[in-house]
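The lines below spell out each chain.
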4 protein chains.
Amino acid sequence: MTSTNQDLRVGVVGAGQMGADHIQRITRTISGATVSAIVEPDAGRAAAAAAAAPGAQPFASIEDAIDAAALDAVIIATPGPFHEPVLLPALEARLPILCEKPLTPDSASSLRILEREQQLDRPHIQLGFMRRFDDEYRALRELIAGGDAGELLMLRGVHRNPSVPDSYTQSMLITDSVVHEFDVMPWLAGSPIRSVEVKYPRRNGLAPERLREPILVLIELENGVLVDVEMNVSVRFGYQVGTEAVLQTGIARIGQPAGLQRWSDAAFSIAEHTTFKTRFARAYDAQVQAWVDAVRDGSLVAGPNAWDGYLVALACEAGVRALDESGPVPVESAARPAFYA
Amino acid sequence: MTSTNQDLRVGVVGAGQMGADHIQRITRTISGATVSAIVEPDAGRAAAAAAAAPGAQPFASIEDAIDAAALDAVIIATPGPFHEPVLLPALEARLPILCEKPLTPDSASSLRILEREQQLDRPHIQLGFMRRFDDEYRALRELIAGGDAGELLMLRGVHRNPSVPDSYTQSMLITDSVVHEFDVMPWLAGSPIRSVEVKYPRRNGLAPERLREPILVLIELENGVLVDVEMNVSVRFGYQVGTEAVLQTGIARIGQPAGLQRWSDAAFSIAEHTTFKTRFARAYDAQVQAWVDAVRDGSLVAGPNAWDGYLVALACEAGVRALDESGPVPVESAARPAFYA
Amino acid sequence: MTSTNQDLRVGVVGAGQMGADHIQRITRTISGATVSAIVEPDAGRAAAAAAAAPGAQPFASIEDAIDAAALDAVIIATPGPFHEPVLLPALEARLPILCEKPLTPDSASSLRILEREQQLDRPHIQLGFMRRFDDEYRALRELIAGGDAGELLMLRGVHRNPSVPDSYTQSMLITDSVVHEFDVMPWLAGSPIRSVEVKYPRRNGLAPERLREPILVLIELENGVLVDVEMNVSVRFGYQVGTEAVLQTGIARIGQPAGLQRWSDAAFSIAEHTTFKTRFARAYDAQVQAWVDAVRDGSLVAGPNAWDGYLVALACEAGVRALDESGPVPVESAARPAFYA
Amino acid sequence: MTSTNQDLRVGVVGAGQMGADHIQRITRTISGATVSAIVEPDAGRAAAAAAAAPGAQPFASIEDAIDAAALDAVIIATPGPFHEPVLLPALEARLPILCEKPLTPDSASSLRILEREQQLDRPHIQLGFMRRFDDEYRALRELIAGGDAGELLMLRGVHRNPSVPDSYTQSMLITDSVVHEFDVMPWLAGSPIRSVEVKYPRRNGLAPERLREPILVLIELENGVLVDVEMNVSVRFGYQVGTEAVLQTGIARIGQPAGLQRWSDAAFSIAEHTTFKTRFARAYDAQVQAWVDAVRDGSLVAGPNAWDGYLVALACEAGVRALDESGPVPVESAARPAFYA
């Protein structure tokens, strides 16, 4: 698709919470795009979503929407296990794709997607790791790359959630939460993951009985940088995602409290986030705007691509094993095809 | 204009720095609007601006653009003295208007605009006091209005600029800079201005010779709240706009440094702004998006209106007098017409 | 008195709250001094104080203590109106004196003290303006004097108290609270006070009925620096003393929250002080240690002297008038004698 | 020794940097104590130290000082390998002892000291782990013990030094630097160390060639709390010691920048420490004052005792092994005698 003054017609697959957010975002916030198709088998959800996007057509399947020529590009917002059956026909139709993380639930299926995508002229899939569009992560990456403080030695992450839903299992500590670090830490450090290890601190008695957490995840990168991530999902007090970069001659920290400052009741305070929705609100907007702009100008991808998704799937597999094994679990990937260079 | 799926066709009058920013903003950032007309007599500027807005038509005057039915709404981004000749035909054409501050350069001309606007069915003019769309100002206003910390007693503002252009005169300390406080402080406090007074601290020897600054501006509001504003335009070190609200049982402060934190060279540091463009980038976006949404849904105005502009013009007149007089200079306004209730 | 290894024998006059603090400080914290005499007519207070200072002798008057040769130096911790009758015999006995602020309650009596002191060989009186011994005030003064950020243009102070006792009157806003600013602001700026003016913000309804506060005090210094002080004594939320220095090319701020940082209940917070005792605990210690050291090494005074006390008395008189008059009230002092150079 | 008004006569053994600091501290800062004896075989050092402490007698050995009845208590400030030959005669003489860390260089010699000390009526040795006297560490311990934020789950420490002297070896990362964490982390958590593990991040190329650092030290406590410590000794930018406590429902952080805040050169900044001497200046003072007070009132020890020193020696031995072994190295101590309960 070449640059025009026409709005990009976006189909959204999946009208659950994430899909509904994207529909509202494209309709009310993003420049140069409209929601033209909503693919959602659940009739109630489909109707609710359509109400927020005047002019969008409902479809029961991605194939129907493609057959009706109802979209120029697609956002996939279904749960991970349902990505592959949408990705394949969308690639078949040569549609640019913004796919919520993960690419697919495992590395084997991710490899299948990579193979299919490589039959096209260039990458068509962008992955929804929105942290890469957060202003502070961007500033941190720029500072590291700039080299003013010397080489990067360590990255130290914390990810703290007030609580998790009933459906959240022990392995989701890795596949649903640490998964973001598996994408963003190599992106900050400019180096892929070599191994993953899990350490268990004292268990939080407020966690659901099925969960043994918090965990401390140790990640070695190929360039020797050591990453640690405190993953903590029952902290109650708020939602917090922070990173500290340890460089040769300096330290940098992001994710610290900001905004209105108050003095009351013998304390100085700043409100902390309680959900990723506010913490990363602007990152989600920036991510989708960048993707829309990239599709309209023909570059198609303006963020992590399917190869990044495959690497993250490998790291998740190692991380899930590391929940039960002591010591580092190695991560070994196939060679990166020139297609994704 | 009722809500539709069609983009709002916006004409931009004036393609200087501010106008060029708005053209780019509407084209690349704002949802639901396109630049359809650019009114700029300077051919070079007009061409440069048009390049950023594919599909926009150039016009030499607002009248021409209106005659060509080339716009649904208008943004006025010319210098203040040129607002009235655009406002009047735009009101005649019943166009919704987003007018950069000030409404007009003095209260007499502002009153003429108010009279003309009241011949329409409802207010059509929104003024570009973008601070009202800044997240922190909004949080502060909400906190004050919430009453949890008791009544508001004082508001304490600082406005510090690294430097000013050669064209900046002594009276512009009031009309170009403090003018923002004349709008936003009453908005925060929920009460209009009663008087304005100026105090002179030691002069900054780095200021241009024609300027006697910094100044301390003392503003009494009708509800007894005392406002002080440190206005300082040759500070070199950065750009800073902050406000502290003194309430009965607490204090709130906005405009403090935030973002990536660094340790280097025996110091902890956070980058400070150096221009209003970054400090208020999101406020400008939010302001224009709110106005576009309001025009599309028929409410037309989603921010300060022409009456607010008239009040600010009165305060500026008092402020300019106060630069040369000792003691408080009273501000007396006409009664607010029901039209602007 | 020349330097020896012997402890300095300090007599403390007044064993109320301030005096009891000093007795405990010298006994338990200060190196090189012991409390040798306690002058307190109230028998209960005297007994309680003596219990904290083993070896101290009780006296009913300063004259008795002097006659008994029971002290090498004296700390005066009675209320201001009772300073003169202690200062005069102590000067007569050539005792080094640490006198709690104020020197005396008015400039006329302060002048009498100055005259008496000048009959000695050098100044013997140090005044208890402890802010000068606070680490942050000292760092601020050094930064200003260093000149790296250019000339000083403004000083902006806030002094906020949770509440005041029943005995606190309207004029004590000046004589008991702003009095500290009258000492420390000229010390920071290196220039004496030219005038004092008071502005009334909206009254705090939580203040005792007899008080009209907060007030904003505007102080002009001889070098043109403008000082403003927000004086606020019913803020409930905590105790806060802060200063911001506005320099030509930079800003400096002291008195901001520090120490343990917490995240809880959707907020990041730092405890704020609730009393001057914790805020200035180290300053009181440092002040008394510096004075003890100065007395032991023969320099006698290591802080503000009686002349500074006289200047503050003048400023207080102007400040009290300014509570009832509009506009600046001038402060005119006698010429500084070489004795106090 | 029972409480009297007499100054405690302290002998200082070792007049190197640490000893000289203590001599000055006792002479000029600490209440109720004087330096009565200086034990230092190096004549030049001894003379320099004596100059700072009028009245102190020089001795070539602790035995000589004891024989001369020249001291009531002793501070040992020699290097660790020279502690035992001072500790034994001092215990023999039943002198209260403040011993700089470590107790002795290994657990075997520490056990010998413990055995000797248990022949006395009660513990006489206090160890110089001064962090326990830092205001922020104390506030953190109180917060943890208070239980308001639930159980402690993790402790996360950073210890960053600008550089190290030529004499600093790889094992000193553990025995000279992490040694402080081995004392203070169990003290914060209320639980001893179970194992120590070392991870190697990317090496800092600015470190001396003989050092492989930074290191990340993982410490398991008996109660399940996981401690990690980033130990980093060539950071150049400053000196920083910080701790973050992860509790069930909240986070607490100490060691963050504080004091005068500046705006200059497009940045907001706060000076960071560059040496432990300023970072822990008040902690050293408070430690020695507490010890002097304890000796004077007969309680003898007011901080970590010899048993704590033995536990730290064990942890250091495990830590040094962990520098070369992968995985956790267990720490196994003898049972705590009732004497140290």
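A brief structural summary. Quick caveat: nothing in here was measured; it's all calculated off a predicted structure.

## Thoughts on the interface of chain D and chain C
Interfaces are frequently sized by the accessible area removed from exposure as the parts join. On the side of chain C, 32 residues touch chain D, which itself brings 32 residues to the contact. Around 2,600 Å² of area is buried between chain D and chain C when both sides are counted, 48% of it from carbon and sulfur atoms. Sorting the residues of chain D by area buried against chain C places Leu260(D), Trp263(D) and Arg282(D) first, and these three jointly supply 22% of that buried surface. Summed over the shared surface of chain D and chain C, the number is 2 salt bridges. Note that Asp135(D) is salt-bridged to Arg282(C), the shortest N-O span being 2.2 Å. For the pair chain D and chain C, the number of links is 10 residue pairs in polar contact (both at pLDDT 80 or more). Listed by contribution, the elements that provide at least two residues to the side of chain D that touches chain C are α1 (17–28), α6 (135–146), β12 (251–254), β13 (261–264) and α9 (281–297) of chain D. Residue contributions to the side of chain D that touches chain C peak at 5 residues, all from α6(D). In terms of residue class, the side of chain D that touches chain C is built from 13 nonpolar, 12 polar and 7 charged. Pairing of strand β13 (residues 261–264) of chain C with β12(D) involves 3 bridges; the strand directions are antiparallel. For Arg262(C), the partnering residue across the bridge sits in β12(D) and is Ala252(D).

## Structural notes on the sheet that holds strand β1 (residues 8–13) of chain A
Backbone hydrogen bonds are what pair the strands of a sheet, in a parallel or an antiparallel way. Residue and element names in this part refer to chain A. An order of β3-β2-β1-β4-β5-β6 is seen for the 6 strands of this open sheet, with the pairing classed as parallel. In the strand order of this sheet, the two ends are held by β3 (57–59) and β6 (125–127), each with one partner. Within the sheet, the average angular offset between the axes of one strand and its neighbour, ignoring direction, is 25°. Pairing of strand β5 (residues 97–99) with β6, which is carried by 3 bridges, proceeds in the parallel orientation. Bridging from a neighbouring strand, Ile97 pairs with Ile125 of β6.

Conventions adopted
Residues numbered from 1 in each chain as written. Chains lettered and ligands numbered in written order. Predicted model: local features only at pLDDT ≥ 70, side-chain atom pairs only at ≥ 80, totals over all residues. Heavy atoms only, no water. Contact = heavy atoms within 4.5 Å. Buried area = accessible area lost by both parts, 1.4 Å probe. Salt bridge = Lys/Arg side-chain N within 4 Å of Asp/Glu carboxyl O. Polar contact = N/O pair within 3.5 Å; in protein donor to acceptor, adjacent residues only side chain to side chain. Helix = DSSP H or I, 4+ residues; strand = E, 2+ residues; numbered from the N terminus. Nonpolar A, V, L, I, M, F, W, Y, C, P; charged D, E, K, R; others polar. Pairing = 2+ DSSP bridges. Axes fitted to C-alpha atoms, helices over the stretch in contact; angles between N-to-C directions.

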